Amino acid sequence: MAFDLAALEERLLAPLPDLSGLSPQEQFDLIREKAGSGESIVTPSGLLERLKESRAQGRPLRFKLGIDATAASIHLGHAIPLVNLRRILRMGHRLDLIFGDFTAMVGDPSGRVEERPALDEAQVRANAGVFTGQAARVLDLASPQVTVHYNSSWLGKLSLSDWLKVTRGIGMGSLLQREDFRRRLDAGAALSLAEAEYPLLMGYDSVTLRTDVEVGGIDQFLNFHICRGMMEAAGQRPESFVCFDLLPGTTGERDAQGRLKKMSKTGANHIPVAADPAEHYAKVLSVPDEVMWIWYRELTEIRSGELAELRAAAERGDVHPKDAKRLLARVVTTLFARGERSAARDAEEAFDQKFGARKVLVPDDTRSLRLEAGVKVLDALRAATGESASQVRRLIQQKGIQVLEGEAYVPMEEAALLRPSEDLAGKVVKVGKRQYLRFESKSIN
RNA sequence: GGUGAGGUAGCGAAGCGGUCAAACGCAUCUGACUGUAAAUCAGACGGCUCCGGCCUUCGCAGGUUCAAAUCCUGCCCUCACCA
């Protein structure tokens, strides 16, 4: 029995359905099947009960997602909670989206071996602005269901005596029993008091907002427990929480324990949310097949049953893995292009023109450049690529610069660099595999 | 405040008087290959070049030497331990 890829694509790309009619159990199942898997399975604490109460009382639940503005960009891994929240909002619930401008100045110590560098206010403010734009690609932040907060607006006003009152209820033991802290202390590494207090600040966010359910990555597990403790100490009902898995990186590389390495900014295995559709599309295609299935689960609204079928079909040979991956690439590209389907189409077209079946000598995204009079070929290439003269020479020596002659690209000779740039007039030049340049002769006026 | 360790190219990390524009790993770039911008293999990876070389780099500033990333002096910064 053949698997119907087209139908799956239609469902994943179709206008997102309203889910508010689902029963609490159905809502729970949808959330549960995307929540963390693997060794550290977290039963979303009391989530089902809350969903039932919500229905009975006709009161939407207040979900909370905190993002620290520690860097100017987020990657696809950070977007997993956003994708899930998009669905949760369609179930009729509410979201408090917190930009941790205050907490970013402390730095989340979770899983860190070294002290995190603290950021100053200016950096944090700049980052927060960029973040909003990126989150808005996935979530409609203007929706009445969503409230955006900056946690400095309450943490910044907290007086020392308030803080002492809050922290009195929290034992040092519960803070320090965490493995990541213990490891650092045992290793004689630095652990500042401010870092140790980080989860308390997070917890204070929950107390302030009276959060029902907090969502985040599995790395937040311990922090969430502290949040619960803080709410309890404040006489509130402790929040439920849902942890999602962390997204494996694009390379499919494994760590010493044989686990897939997580996407991280430093690991060069990440895809920025802010990248353009062509890059999203191509990067997804470059992911190993093994990682593809995980991305399907984490980044799309595919149901676990559908995913199992798709995977089985690929293993039987009914579906070519390439086709499955292209489908994923289209869905992911669309997701981060605010649902614009044309973005994925254009990205796919551009990709095929360079690498795929519909390979074309001059792709649509060839850049047109005007030649300046009286300069050499070398200077024209330097200006066009932004590389140094030495680098342009190296590219030539490695056959990295090719000129279209008739129906084929031929490598440029090094000697040609010193010729007048008029030689290039009307020619198409390929630099590396992806950069195409068309040189126009100087305008007549 | 005391003691100790250290600041090397985008990052990590060797080098500790000449053969150092500086090993190695990562990232990056190029070529080959591939369903793939993956993996793998090969090459490149400060700047400039009339391709013989020239110029600027090893925290900062001076000094010793024919010669310094390497030795000396001062300064700045980071980290750890003790207090």
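Calculation notes
Residues numbered from 1 in each chain as written. Chains lettered and ligands numbered in written order. Predicted model: local features only at pLDDT ≥ 70, side-chain atom pairs only at ≥ 80, totals over all residues. Heavy atoms only, no water. Pairing = 2+ DSSP bridges. Helix = DSSP H or I, 4+ residues; strand = E, 2+ residues; numbered from the N terminus. Axes fitted to C-alpha atoms, helices over the stretch in contact; angles between N-to-C directions. Phe/Tyr/Trp six-rings, centres within 6.5 Å; stacked < 30°, edge-to-face > 60°. Buried < 20%, exposed > 50% of the residue type's maximum accessible area, 1.4 Å probe, protein only. Arc of directions from axis to C-beta. Contact = heavy atoms within 4.5 Å. Core = buried A, V, L, I, M, F, W, Y, C linked by side-chain atoms within 4.5 Å. Domains from an automatic or database assignment. Near = heavy atom within 4 Å. Polar contact = N/O pair within 3.5 Å; in protein donor to acceptor, adjacent residues only side chain to side chain. Nonpolar A, V, L, I, M, F, W, Y, C, P; charged D, E, K, R; others polar.

A few words on the sheet that holds strand S5 (residues 240–244). Taken in spatial order, the five strands of this open sheet run S3-S2-S1-S4-S5, and their pairing is parallel. Single-partner strands in this sheet number two, and they are strand S3 (146–150) and S5. Taken pair by pair, the neighbouring strands of this sheet meet at an average axis angle of 25 degrees, ignoring direction. Inspection of the sheet shows strand S2 (residues 94–100) paired to S3 by five bridges, in the parallel sense.

So, about the sheet that holds strand S10 (residues 435–440). Pairing within the open sheet is mixed, and its five strands lie in the order S6-S10-S9-S7-S8. The open sheet is flanked by strand S6 (367–370) and strand S8 (408–411), the only strands paired with a single partner. Pairwise comparison of adjacent strand axes, ignoring direction, gives a mean angle of 35 degrees for this sheet. The pairing of strand S7 (residues 401–405) with strand S9 (residues 428–431) spans three bridges and is antiparallel.

Let's shift gears to the packing of aromatic side chains. By the definition in use, this model includes seven aromatic pairs. Plain terms: the ring middles of Phe221 and Phe241 are 5.9 Å apart, the flat faces sit at 80 degrees to each other, and that makes the pair edge-to-face. Here the residue Phe221 occupies a position in helix H12 (residues 221–233), and Phe241 occupies one in strand S5, the gap between them amounting to 20 residues. Here a set of aromatic residues connected by ring pairs shows up, and it is made of Phe221, Phe224 and Phe241.

Right, let's get into helix H18 (residues 377–385). Among the residues making up H18, those that are buried are Val377, Leu378, Ala380, Leu381, Ala384 and Thr385. The buried residues of H18 occupy an angular sector of 165 degrees when the element is viewed end-on, so they sit on one face. Buried residues belonging to H18 abut S6, helix H19 (389–397), S7, S9 and S10. Just downstream of H18 lies Gly386, where phi reads positive at about 75 degrees.

Attention now goes to the environment of Glu440. By the secondary structure assignment, Glu440 is in strand S10. With twelve residues separating them along the chain, Glu440 and Val428 place their C-alpha atoms 9.2 Å apart. If we skip the residues at most four places from it in the chain, Glu440 touches Ser368, Leu369, Arg370 and Leu371.

Of all hydrophobic cores here, the largest spans 70 residues; its most connected members are Phe63, Leu76, Leu95, Trp295, Tyr296 and Leu310. When residues of this core are assigned to domains, at least three fall in each of domain 1 (35–244) and domain 2 (277–355). Excluding residues that lie within four positions of it along the chain, Trp295 makes contacts with Leu76, Leu247, Pro248, Gly249, Thr250, Met263, Ile271, Val284, Val287, Thr300 and Leu328.

Residues in close proximity to RNA strand B total 25 residues, the closest being Leu285, Ser286, Ser390, Arg394 and Arg434. The sugar and phosphate moieties of RNA strand B supply 67% of its atoms located within 4 Å of the protein. Arg382 places a polar side-chain atom, nitrogen or oxygen, 3.1 Å from a phosphate oxygen of RNA strand B. Of all the elements in the fold, those that place two or more residues in the surface near RNA strand B are helix H13 (277–285), helix H16 (321–335) and H19. Here the surface near RNA strand B is built from residues that sort into eight nonpolar, eight polar and nine charged.

Before going further, it helps to spend a moment on helix H2 (residues 24–32). Inspection of H2 places Pro24, Gln27, Phe28, Leu30 and Ile31 among the buried residues, and these make up the whole buried set. Axial view of H2: buried residues confined to an arc of 160 degrees, hence all on one face. Summarising the contacts, the buried residues of H2 are in contact with helix H3 (47–57), strand S1 (62–68), helix H4 (80–90) and S5.

With respect to the element layout, Leu95 can be found in strand S2. Setting aside chain neighbours within four positions, we find Leu95 in contact with Phe63, Lys64, Leu65, Leu85, Leu89, Leu139, Gln145, Val146 and Thr147.

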